[in-house]
Amino acid sequence: MLKPGALVYWQTVSDPDSDQWNQAEELLKRFPDGDHWIAQLEKELESEGVTWADDVKPALGSVVDVAVYGRPGAGSPSFVALTNPNDKDKLLELVRKLNEKSDDEDAVTRLVGDWVAISTSEAAIDAALKGEDGQSLADDDGFKSAMGELPDDALSRVYVDPARALELAPDAMERKALAMFDLDKLEFAGVWAKAKENGAELAAALRGEGADRLLGTGEPYTSKLLDKVPDDAFAFVSFQGGGLRGQLDAIRGNPMFEMGLREFEREFGVDVDEVSALLDGEVAFYARPAASPIPEFTLLLDSTNPADAKASVERILRLAANRMGGEVTEDGDVTTARFGGFTVNVGALEGVVVVTTAMSALADLEADGNKLPDSERYKAALDAAEAPEQYTGLAYVDISQTWELIRSYLGFSGEKDQLPPSVSRNVEPLKSLVAYGTRDGSLST
């Protein structure tokens, strides 16, 4: 039905009786204000002169497809929405009512078999629909292959052709800047959202030679720094620094950005190459409770040359202290920089450079006993997210504990009463956030 060559194709399940709608509604109702939010949405519809039960629900079909097309020099891209309503007359009447209430340009509709096309103009519909004998978007091999990588049981999924979109950039400098990240070497980009029994899933996928360059990921790995992190950490992030280092090197070697980097180096006295050299191994960060309301923050740098890496970090801290009126002291193998009431300590442990706000972090990292992988909270969160044993990056946040620390800090600072009660009660159902990357050949997810 649609022509090949779409810049964007967005498909959303629109059947209120579908599994995804029911699961999303069930998740929403786990929040204390869930029913209120649904009622507010229905009230918003009434302000547009329509109701959910009488106007919107009968006009919905199983899916809504939105496609965006564009041509170089043709101005703004055009779009068309397609849906297969249970009652076409109800949908046409809904569009008519919304047009009457809107101050914007009226939407136009066209019947196409069992479907209804909706856009801003007849010309936009003509530009999107295939002719009698033309190939359709659904028949395009590249599009079919890309959609095959996006789960068909998602609530919503989006396909993007970055290379085609790059061609439409009106300015040559813009195209050159975007091409620096190898957008022109991407076969497709995709996004999907899915409601699940134990939470919500949001994911993105890239395929092509440019995927690794854009995301800054390397080969899948298992964090070796995770086993050092104390089990009471409520946040943890790990990634391989080589990908980020590659992006920094690419920016530094690009004439468009080189002048700005040189100005940054002159202004702050920091050598970007020296910073980049710190990223030759795994980089990890974690946060955990401390004696004061402010948590401990610790950065771990796994370097092939820890002595040089530690010296580089110490030099950067001294530069920062000089600019901010702080002081730097040394106590054995630990260097401490103080900025007002804030302290940063730098040490080394088994080839790992440790940058932390807590002097006790070095001993805690080295101590035996339970570590974060032993935590039931951590294991439950990663199980719920179906995180793999190997990944291109990993992030974990215990939302429950983070929220309690925020509340404690607000109470300590006297600002707790300024927090709206609706925020507190609706944060409580949230347990954790997990993000991870995977890679299979040229497909990065």
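Residues numbered from 1 in each chain as written. Predicted model: local features only at pLDDT ≥ 70, side-chain atom pairs only at ≥ 80, totals over all residues. Heavy atoms only, no water.

(A) Representation of the nonpolar core in the model. Counting 24 residues, the largest nonpolar core has Phe 236, Tyr 286, Leu 300, Leu 372, Tyr 378, Leu 394 and Tyr 396 as its most contacted members. Mapped by element, the contributors of at least two residues to this core are strand E10 (282–288), strand E15 (352–356), helix H14 (361–366), helix H15 (376–384) and strand E16 (393–398). When sequence neighbours within four positions are dropped, the list of residues in contact with Phe 236 reads Ser 223, Leu 226, Val 229, Ala 284, Phe 285, Tyr 286, Leu 372, Leu 394, Ala 395 and Tyr 396. Judged by nonpolar contacts, the second largest core, of 23 residues, contains Leu 2, Val 80, Ile 125 and Phe 143. (Core = buried A, V, L, I, M, F, W, Y, C linked by side-chain atoms within 4.5 Å. Buried < 20%, exposed > 50% of the residue type's maximum accessible area, 1.4 Å probe, protein only. Helix = DSSP H or I, 4+ residues; strand = E, 2+ residues; numbered from the N terminus. Contact = heavy atoms within 4.5 Å.)

(B) How the structure looks around a negative patch on the surface. A grouping of Asp 103, Asp 104, Glu 105 and Asp 106 is seen on the molecular surface, where their side chains present a negatively charged patch. Relative accessible area serves as the criterion here: at 81%, Asp 103 is assigned to the exposed category. (Patch = residues over 30% accessible without salt bridge, like charges linked within 9 Å, V, L, I, M, F, W, Y side chains within 5 Å. Areas by Shrake-Rupley, 256 points an atom, 1.4 Å probe, with all protein chains shown as cover. Salt bridge = Lys/Arg side-chain N within 4 Å of Asp/Glu carboxyl O. Lys, Arg positive; Asp, Glu negative; His and termini not counted. Charge placed at Lys NZ, Arg CZ, Asp CG, Glu CD.)

(C) View of the sheet that holds strand E13 (residues 334–339). Strand order across the open sheet formed by nine strands is E12-E13-E14-E15-E11-E10-E9-E16-E17, with antiparallel pairing between neighbours. Either end of the sheet is taken by a strand with one partner, and the two such strands are strand E12 (327–331) and strand E17 (432–437). If you compare each strand with its neighbour and ignore which way they point, the axes differ by 10 degrees on average. Of the strand pairs in this sheet, E16 and E17 are connected by six bridges, and their pairing is antiparallel. Looking at the pairing, Ala 395 lines up with Ala 435 of E17. Lying over the sheet, helix H13 (residues 306–324) contacts strand E11 (296–302), E12, E13, strand E14 (342–349) and E15, oriented at roughly 20 degrees with respect to E13. Sitting on the sheet, H15 touches E16 and E17, and the angle it makes with E16 is about 120 degrees. (Pairing = 2+ DSSP bridges. Axes fitted to C-alpha atoms, helices over the stretch in contact; angles between N-to-C directions.)

(D) Spotlight on the sheet that holds strand E7 (residues 186–196). Taken in spatial order, the 10 strands line up as E4-E5-E3-E2-E1-E6-E7-E8-E19-E18 in an open sheet, and their pairing is antiparallel. The open sheet is flanked by strand E4 (108–112) and strand E18 (439–440), the only strands paired with a single partner. Sheet analysis places strand E1 (residues 8–13) next to strand E2 (residues 61–69), joined by six bridges and oriented antiparallel. Its bridge partner lying in E2, Thr 12 is registered against Val 64. Docked against the sheet, helix H1 (residues 19–28) engages E1, E7 and strand E8 (199–208), running at close to 60 degrees with respect to E7.

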